[in-house]
Amino acid sequence: MEIREAQELIRRLYFERDNARGLFATFTWFMEEVGELAEAILKSDFKALNEEIADVFAWLLSIANLVGVDVDEAFKRKYAAETPPGIITKTR
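Residues numbered from 1 in each chain as written. Predicted model: local features only at pLDDT ≥ 70, side-chain atom pairs only at ≥ 80, totals over all residues. Heavy atoms only, no water.

A. Here's a closer look at the overall build of the chain. Within the chain one finds four helices and zero strands. For the chain, the succession of helices and strands along the chain, N to C, is α-α-α-α. Put simply, the chain has 92 residues, and 23% of those count as buried. At a minimum sequence separation of 6, the contacts of the chain that also span at least 24 residues come to 66%. As presented, the chain carries roughly 7100 Å² of accessible surface, and 59% of it is formed by carbon and sulfur atoms. (Helix = DSSP H or I, 4+ residues; strand = E, 2+ residues; numbered from the N terminus. Buried < 20%, exposed > 50% of the residue type's maximum accessible area, 1.4 Å probe, protein only. Contact = heavy atoms within 4.5 Å. Areas by Shrake-Rupley, 256 points an atom, 1.4 Å probe, with all protein chains shown as cover.)

B. Molecular detail of the packing of aromatic side chains. Inspection of every chain in the model, using the stated rule, returns three aromatic pairs. An angle of 10° between the planes, with centres 5.9 Å apart, marks the rings of Trp 29 and Trp 59 as stacked. Of the two residues, Trp 29 sits in helix α2 (residues 23-42) while Trp 59 sits in helix α3 (residues 46-67), which places them 30 residues apart along the sequence. Given the relative accessible area of 39%, Trp 29 is considered partly exposed. (Phe/Tyr/Trp six-rings, centres within 6.5 Å; stacked < 30°, edge-to-face > 60°.)

C. Quick peek at the nonpolar core. Counting residues in hydrophobic clusters, the biggest one holds eight residues: Phe 30, Leu 37, Ala 40, Ala 48, Leu 49, Val 56, Trp 59 and Ile 63. Breaking this core down by element, the ones donating at least two residues are α2 and α3. The dominant element in this core, judged by the number of residues it contributes, is α3, at five residues. Apart from the residues within four sequence positions on either side, Ala 40 is in contact with Asp 45, Ala 48, Leu 49 and Glu 52. (Core = buried A, V, L, I, M, F, W, Y, C linked by side-chain atoms within 4.5 Å.)

D. α3, seen in detail. The end-to-end C-alpha distance of α3, which contains 22 residues, comes to 32 Å, matching closely the 32 Å that a straight helix rising 1.5 Å per residue would cover. Check the buried side of α3 and you find it contacts α1 (3-21), α2 and α4 (71-79). Backbone geometry just downstream of α3 places Gly 68 in the positive-phi region, at approximately 75°. (Expected span 1.5 Å × (residues − 1).)

E. Spatial organisation of the environment of Arg 21. Relative to the elements of secondary structure, Arg 21 occurs in helix α1. Residues within four places of Arg 21 in sequence aside, it is in contact with Thr 26, Trp 29 and Trp 59. For Arg 21, the side chain forms a polar contact with the side chain of Asp 18, separated by 2.7 Å. (Polar contact = N/O pair within 3.5 Å; in protein donor to acceptor, adjacent residues only side chain to side chain.)

Right under this line is the structure:
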């Protein structure tokens, strides 16, 4: 599944509920999932890590849907450039 397909799946499944909940409440749920991911990392619970990474990604896509960001396009613009941000190159 491509990023754009994943974002559309999350939109179809959850947009109405996320929109009714609102951006700030949806962001709060996202942060709760980030906390669960942190807990899985600290416990080295690799089964939970897989689940929590998927949850964090899904909630991130929900937020992107609420604010109208195409995650696939935004990621490509930021990281698929010839020189990704944060990379220092020598110029002469």
